[in-house]
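# Commentary on secondary and tertiary structure
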Amino acid sequence: PSQGVGGAGTLAAKLRRSLKRTPVVGLDRDGTASFGVAVMPDHAMSSEVLMRLSDRALYTAKTLGRNRVEVVDEVNQETPG
């Protein structure tokens, strides 16, 4: 079942925390992950637009310091900040 924007953001945050706790052979520091979240049909009606918006949100997450989750702003279809 669909959980919408909140569920997608929560899932991405759980994945990010889980990856941080997962040891990687040969890596002597904690791993990090950034996620950009967009949901269909809340943010886009086509897969092409959905991918573009989630990619933009991912870029924003990396720009704002990495190891974070950014969700597309529902009103402006832009990432916050």
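Refer to the structure printed above.
Please read these numbers as outputs of a predicted model, since none were measured by experiment.

With respect to the helices, strands and loops of the structure, His43 is situated in the loop between strand 1 (35–37) and helix 2 (47–63). One polar contact links the side chain of His43 to the main-chain carbonyl oxygen of Val72, over a distance of 3.2 Å.

In this fold, Ala12 is placed in helix 1 (residues 4–21). Among all residues touching Ala12, those that are not within four sequence positions of it are Phe35, Val37 and Val69.

This paragraph deals with unusual backbone geometry. A cis amide bond, omega 5°, links Met40 with the succeeding residue Pro41. The residue Pro41 is located in the loop between strand 1 and helix 2 in this model. Even without glycine at this site, Asn67 takes up a positive phi of about 50°. As for its placement among the helices and strands, Asn67 is situated in the loop between helix 2 and strand 2 (69–71).

How each quantity is defined
Within every chain, residues take consecutive numbers counted from 1 along the sequence as written. At least 70 in pLDDT is required for a residue's local features to be given in this predicted model, at least 80 for side-chain atom pairs to be given and counted, and no such filter applies to totals for whole chains, interfaces and linings, which use all residues. Computation of side-chain values: all heavy atoms of the structure, hydrogens and water removed. Helix numbers and strand numbers start at the N terminus; a helix is a DSSP run of H or I with at least 4 residues, a strand a run of E with at least 2. Throughout this description, a polar contact denotes any pair of N or O atoms lying within 3.5 Å of each other; where both atoms belong to protein, one of them has to be capable of donating a hydrogen while the other can accept it, and for residues adjacent in sequence the pair is counted only when both atoms sit in side chains. Here, two residues are considered to be in contact whenever any of their heavy atoms come within 4.5 Å of each other.

Just geometry here; none of it tells us what the structure is for.
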